[in-house]
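Summary of the model geometry
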Amino acid sequence: MQIRELRKDEFDFATIPGADPGFRKTLKQGMSLRKEFLKKMMAKGLCILVALEDEGKEEKMDYPGVGQVRTKDLSLKGKIVAGLIEYLPIEETNFPARGKNLAFIDCIWVIPPFWKKGIATSLMETLLKRAHLRNFSGAAVIAYEKESWWGFFDYMPSWFFQKVGFRQVQRDGNSILMLKNFGTAKLPKFILPQRKSTSKPGRVTAGLFWRGQCPYSWWVKTLTEEEFGKSGNLESSFVNTDDRKTLEKSGITFGLRIDGKVIYNRMPSWDVENPAGGGEVKKVLKSVPSV
Ligand SMILES: CC(C)(COP(=O)(O)OP(=O)(O)OC[C@H]1O[C@@H](n2cnc3c(N)ncnc32)[C@H](O)[C@@H]1OP(=O)(O)O)[C@@H](O)C(=O)NCCC(=O)NCCS
């Protein structure tokens, strides 16, 4: 396995592991938005490390949750992108955290065929070494406890970060702000979600928060727009949180707010019938009275 940092002209390496081959067409536009987002954020110090594996001789491999996939559909220029980790100065992140001089982890993702082979641990070790070299005073992340995604994996699990030396600094429900302190780091803080009074007589207001970093959040937003955009007396708004100032106003990067009340302050899934599992947004919006 080789771990290396991506250059500005290599964003395809940062999108190919983002979806299994059968799902890429659906997420095509979301993937383009992701590339635009990464380009913008690289100018603000975002760094993407990828773990690359050789293709090997097997034509197909087992992709848990999907089935058999062609090895070449997972590769780019002869290398399988087995995982990635993204980090940037906490001052620039669009996640709801404030802090000083910390490397903030926006995402870690290892593709299912490569789980439990030490890839995430190696990515993290490389990140921590680089964060030291860049004179950060620690690394921080927003992780979750018992947050199952797609029905079969833990979403940004706190247990993983705990294993690699991160410790809880603050908790909001099952979101946990965690820090790996290199020695003198000041503790980061959550930007807590704002309850906002948006109710209008006879109308139900729903705000879906999404960002270009994650093609799934674009997809959930698109499906919500299609199904609920002009629905009865439901007034929907779609808030793109690519800009940190927008995030600071709401304290929500991904999520759903109804009549000012925060229902999800994390990435919600869409539909029960759909393999994306959970069915959170559709279920909640369908249950809104008189919609
Ligand atoms: C969590 C995750 C990063 C772990 O990656 P990985 O490469 O399998 O992790 P490693 O092989 O380095 O394992 C690290 C440790 O975690 C343990 N581990 C890994 N997966 C595990 C699981 N599903 N359950 C329990 N323990 C697990 C390993 O046994 C190992 O423990 P040890 O150090 O005590 O031996 C990976 O499962 C993942 O990408 N999950 C999704 C993360 C996510 O939600 N990203 C955002 C998507 S938008």
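Residues numbered from 1 in each chain as written. Predicted model: local features only at pLDDT ≥ 70, side-chain atom pairs only at ≥ 80, totals over all residues.

**Description of the overall build of the protein chain**
Formally: The secondary structure listing takes helices from DSSP runs of H or I that are at least 4 residues long and strands from runs of E that are at least 2 residues long, numbered from the N terminus. For every residue, the other C-beta atoms within 10 Å of its own C-beta are counted; 20 or more classify it as buried, 12 or fewer as exposed, and values in between as partly exposed. C-beta atoms are placed from the backbone. Here the contact rule is simple: place C-beta atoms from the backbone, and any two residues whose C-beta atoms are within 7 Å are in contact.
Helix and strand counts for the protein chain stand at seven helices and 18 strands. Dimensions of the protein chain, computed from the C-alpha atoms along their principal axes, are close to 60 × 50 × 35 Å. Residue burial in the protein chain is summarised as follows: out of 291 residues, 39% are buried. Long-range contacts, defined here as pairs at least 24 residues apart, represent 67% of the contacts in the protein chain between residues at least 6 apart.

**A short note on the nonpolar core**
To be explicit about the condition: Note on terminology: a nonpolar core is any set of buried Ala, Val, Leu, Ile, Met, Phe, Trp, Tyr and Cys residues joined through C-beta atoms within 7 Å.
Among the nonpolar cores identified, the biggest contains 71 residues, and Ile85, Phe104, Leu123, Leu127, Ala139, Ala140 and Met178 are the most heavily contacted of them. In terms of residues, this core owes the most to one element, strand 6 (residues 79-89), which gives seven residues.

**Some remarks on the domain arrangement of the protein chain**
Rule in force here: A domain assignment, automatic or from a database, supplies the domain bounds used here. Side-chain classes are defined by residue name, with Ala, Val, Leu, Ile, Met, Phe, Trp, Tyr, Cys and Pro counting as nonpolar, Asp, Glu, Lys and Arg as charged, and the others, Gly among them, as polar.
Per the domain assignment, the segments of the protein chain are domain 1 (2-190) and domain 2 (204-286). Between the C-alpha centres of domain 1 and domain 2 there is a distance of 22 Å. Counting residues at the interface gives 22 residues for domain 1, matched by 19 residues for domain 2. It is helix 2 (residues 28-42) that contributes the most residues to the side of domain 1 that touches domain 2, seven residues altogether. Of the residues contributing to the side of domain 1 that touches domain 2, the split by class is ten nonpolar, seven polar and five charged.

**Description of the sheet that holds strand 17 (residues 255-258)**
Going by this rule: Strand pairing is assigned whenever DSSP identifies at least 2 bridges connecting the two strands. In this analysis, axes come from line fits to C-alpha atoms, helices being fitted only over the stretch in contact, and the angle between any two N-to-C directions falls in the range 0 to 180 degrees.
One open sheet accounts for four strands, arranged 16-15-17-18; its pairing is mixed. The sheet is open, and its two edges are formed by strand 16 (234-240) and strand 18 (261-264), each paired on a single side. In this sheet, adjacent strand axes meet at a mean angle of 25 degrees when their direction is disregarded. Two elements, strand 15 (residues 204-210) and strand 17, share four bridges in a ladder whose sense is antiparallel. Bridging from a neighbouring strand, Ala206 pairs with Ile258 of strand 17. This element, helix 5 (residues 215-228), spans strand 15 and strand 16 of the sheet and lies at about 155 degrees to strand 15.

**Focus: the packing of helix 2 against helix 5**
Rules: Roughly parallel here means an angle under 35 degrees, roughly antiparallel means over 145, roughly perpendicular means 65 to 115, and every remaining angle is called oblique. What makes a crossing left-handed is the near helix being turned counterclockwise from the far one by less than a right angle; a clockwise turn instead makes it right-handed.
It is the contact of helix 2 with helix 5, at a shortest axis distance of 8 Å, that shows an interaxial angle of 130 degrees. With respect to helix 5, the element helix 2 is oriented oblique. Between helix 2 and helix 5 lies a crossing of right-handed hand. The residues of helix 5 that touch helix 2, namely those facing Gln29, Gly30, Met31, Leu33 and Arg34, are Pro215, Trp218 and Trp219. Its residues placed into classes, the contact of helix 2 with helix 5 shows five nonpolar, two polar and one charged.

**Points about the site of the ligand**
Rules: As a rule, any residue with its backbone-derived C-beta atom within 6 Å of a molecule or strand is reported as near that molecule or strand.
Taken together, the neighbourhood of the ligand is formed by 18 residues, with Val110, Trp115, Ile119, Ala120 and Thr121 sitting nearest. At the level of secondary structure, the elements contributing two or more residues to the shell around the ligand comprise strand 8 (102-110), helix 3 (119-133) and helix 4 (158-163). For the shell around the ligand, the per-class residue count stands at 13 nonpolar, two polar and three charged.

**Thoughts on helix 5**
Inclusion rule: Multiplying 1.5 Å by the helix residue count minus one yields the expected span of that helix.
The end-to-end C-alpha distance of helix 5, which contains 14 residues, comes to 20 Å, matching closely the 20 Å that a straight helix rising 1.5 Å per residue would cover. Taken as a whole, helix 5 has its buried residues at Pro215, Tyr216, Ser217, Trp218, Val220, Lys221, Thr224 and Phe228. Summarising the contacts, the buried residues of helix 5 are in contact with helix 2, strand 15, strand 16 and helix 7 (280-286).

**Some thoughts on helix 3**
How we decide: Arc definition: directions from the helix axis to the C-beta atoms.
Here helix 3 spans 21 Å end to end across 15 residues, near enough to the 21 Å set by a 1.5 Å rise per residue. Within helix 3, the full set of buried residues consists of Ile119, Ala120, Leu123, Met124, Leu127 and Ala131. Burial along helix 3 is one-sided: seen end-on, the buried residues are contained in an arc of 125 degrees. Structural note: helix 3 exposes Lys129 and Leu133 on the side pointing more than 90 degrees away from its buried face. For helix 3, the elements touching its buried residues are strand 1 (2-5), strand 2 (47-54), strand 6, strand 8, strand 9 (138-144) and helix 4. Downstream of helix 3 by a residue or two, Asn135 has a phi angle that is positive, lying close to 65 degrees.

**Re the pairing of strand 9**
Put simply, the rule is: A clockwise course of the path from the first strand over the helix to the second, judged with the strands pointing away from the viewer, identifies a crossover as right-handed.
Among the seven residues in strand 9, six count as buried, and that is most of the element. The sheet contact formed by strand 8 and strand 9 spans four bridges and is parallel. Following the sheet pairing, Phe104 is matched in strand 9 by Ala140. In this view, the connection linking strand 8 to its parallel neighbour strand 9 by way of helix 3 has right-handed handedness. Where strand 9 meets strand 13 (residues 175-181), seven bridges bridge the pair, whose relative direction is antiparallel. Among the inter-strand pairings, Val141 is bridged to a residue of strand 13, identified as Met178.

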